[in-house]
Amino acid sequence: MRRVAIVGGGPAGLMAAERLAAVDGLEVAVFDAMPTPGRKFLMAGKGGMNITHAEPLPAFVARYGARATTLAPLLDAFGPQAVRDWIHGLGIATFVGSSGRVFPAEMKAAPLLRAWLHRLRGQGVHFHVRHRWQGWAADGALRFATPQGKRQVAADAVILALGGGSWARLGSDGAWVPLLAERGILVEPLKPANCGFDVAWSAHFSERFAGEPVKPVIASIAGWCLQGEFIITAGGIEGGLVYALAAPLRDALATDGHAELHLDLAPGRTLASLAADLARPRGHDSLASHLRRRAGIAGVKAGLLRELLPPETLTASDRLAAAIKDLPLPVSAPRPIDEAISTAGGVAFAALDEHLMLRDLPGVFCAGEMLDWEAPTGGYLLTACLATGHSAGQGVRNWLDRRS
Ligand SMILES: Cc1cc2nc3c(=O)[nH]c(=O)nc-3n(C[C@H](O)[C@H](O)[C@H](O)COP(=O)(O)OP(=O)(O)OC[C@H]3O[C@@H](n4cnc5c(N)ncnc54)[C@H](O)[C@@H]3O)c2cc1C
């Protein structure tokens, strides 16, 4: 009997286990530091689990940006349609939301995880929880810290699926980075992705508008331009539109030391019509009423104009119109990585072969968010975790077959 050790019981590790379960002559064991597997997967289900997306595959693959070409063959082998078929195979229905996002029935992760773990156990997969991986012993065995003390596990093949570096309380703390780096594996620094940003709001603005959604709005930076909504926080901004533009914002901050999101607070209005309407005499109207009546700008949008523009711009109709269509919002820093929905950086693809085996550590494969790719929210994160887990599982099968 040959033994495969999978370290990390998130979606990537569990999909790798599924690929290997019930293979004759293989014993599959999943190790996780937490008391139960799949904690972040469950958290992803709290706000409505979005597991994949129904758009055509080329558009889907393009969401992985610089890693689209690398991930394309993996998504060909196990892509969005395979994810849906797999969920249906667990007895859970899916539905497609109006945005094309695909959700499991009731938008919950718990029934899906329960059914999945039940099936894996039935297929003979062993689970060892409260096992924190701490690297390798001199003889190549995996070293774990457990409540019963230190334990070493020898395996014929290993899959590391340790997650990124956000929401450490759910298990993914990025503590694996030095363990791989000290074995000479190239690991790109972990960075927050799909994260909020700090903004130096005045106390007045923050008290008045924290928690308010800004919508509809178009935001742009560095050639990216998206319509949607975001939320004002006490010290910054967060929400779907900000997450979607987080990578270029984060990278601009890292390169230039400063970054601005450009907001169009009046999507659907042209600059010319806005300027003409705002140029009409104000009479006894306050600036607030004039903005509301002539430009449809009120509440938090009007607050943003007051917060970010000098007083003389507020009273010059042509400059005010221009600012409504292109309001620079300076951000000072991404929120800390632990708060991010996901993590960029990780094990470099150059360190891996086409089935995600570490070239310098034969028999050790990596999968999931710990790899160096990033993607927006919309189901792209979980799909790539499942696809890379699937590929690593297949890679282990091929590798063990070649050695038998
Ligand atoms: C609030 C929130 C909402 C989200 N919503 C969505 C969504 O709707 N759609 C979507 O596609 N994605 C979503 N995501 C992202 C998605 O959950 C992750 O991308 C995905 O869970 C990563 O899977 P993974 O298997 O690579 O790693 P993880 O799920 O992070 O699992 C890694 C596992 O490894 C274990 N581990 C780590 N280090 C060790 C160690 N040293 N020893 C032993 N075990 C260890 C951890 O305990 C953990 O169980 C969301 C994330 C968050 C935080």
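Residues numbered from 1 in each chain as written. Predicted model: local features only at pLDDT ≥ 70, side-chain atom pairs only at ≥ 80, totals over all residues. Heavy atoms only, no water.

As for the overall build of the protein chain
At step 1: Regarding its fold elements, the protein chain presents 16 helices and 20 strands.
At step 2: The C-alpha extent of the protein chain, read off along each of the three principal axes, is 85 × 40 × 35 Å.
At step 3: Split into buried and exposed, the 404 residues of the protein chain put 51% on the buried side.
At step 4: Long-range contacts, defined as pairs at least 24 residues apart, comprise 68% of the intrachain contacts of the protein chain with a sequence gap of at least 6.
At step 5: Of the accessible surface of the protein chain, which amounts to about 17600 Å², a share of 53% is contributed by carbon and sulfur atoms.
At step 6: For the protein chain, the centre of its 40 positive side-chain charges and the centre of its 37 negative side-chain charges are spaced 5 Å apart. (Helix = DSSP H or I, 4+ residues; strand = E, 2+ residues; numbered from the N terminus. Buried < 20%, exposed > 50% of the residue type's maximum accessible area, 1.4 Å probe, protein only. Contact = heavy atoms within 4.5 Å. Areas by Shrake-Rupley, 256 points an atom, 1.4 Å probe, with all protein chains shown as cover. Lys, Arg positive; Asp, Glu negative; His and termini not counted. Charge placed at Lys NZ, Arg CZ, Asp CG, Glu CD.)

Looking at the pairing of strand β10 (residues 157-160)
At step 1: Of the two faces of β10, the one carrying Ala 157 and Ile 159 and the one carrying Val 158 and Leu 160 are both buried.
At step 2: In this structure, strand β1 (residues 2-7) lies alongside β10, joined through 4 bridges in parallel fashion. Its bridge partner being in β10, Ile 6 is matched across the sheet by Ile 159.
At step 3: Looking at chain direction, β10 and strand β20 (residues 364-366) are connected through 3 bridges and run parallel. The residue bridging Leu 160 from the neighbouring strand is Cys 366, located in β20. (Pairing = 2+ DSSP bridges.)

Re the site of the ligand
At step 1: Around the ligand, the surrounding shell holds 30 residues, and the nearest of these are Asp 32, Asn 50, Ser 172, Glu 369 and Leu 382.
At step 2: Between the ligand and Trp 133 there is a distance of 2.8 Å, counted from a nitrogen atom to a backbone nitrogen or oxygen.
At step 3: Taking Glu 369, its side chain carries an N or O atom lying 2.6 Å from an oxygen atom of the ligand.
At step 4: Here the ligand, which alone exposes 1000 Å², has 95% of that area covered by the protein.
At step 5: Secondary-structure elements contributing two or more residues to the shell around the ligand are α1 (11-20), α2 (39-44), β7 (132-136) and α16 (380-403).
At step 6: Residue composition of the shell around the ligand, by class: 16 nonpolar, 10 polar and 4 charged. (Near = heavy atom within 4 Å. Polar contact = N/O pair within 3.5 Å; in protein donor to acceptor, adjacent residues only side chain to side chain. Nonpolar A, V, L, I, M, F, W, Y, C, P; charged D, E, K, R; others polar.)

Topic: the pattern of salt bridges
At step 1: For the coordinates displayed, the defined rule picks out 14 salt bridges.
At step 2: Where Lys 108 meets Glu 106, a salt bridge forms, and the shortest distance between an N and an O atom there is 3.6 Å.
At step 3: On the accessibility criterion, Glu 106 (61% relative accessible area) is exposed.
At step 4: Between Arg 293 and Asp 285 there is a salt bridge, and its shortest N-O distance comes to 3.0 Å.
At step 5: On the basis of relative accessible area, Arg 293 is assigned to the exposed category, the value being 56%. (Salt bridge = Lys/Arg side-chain N within 4 Å of Asp/Glu carboxyl O.)

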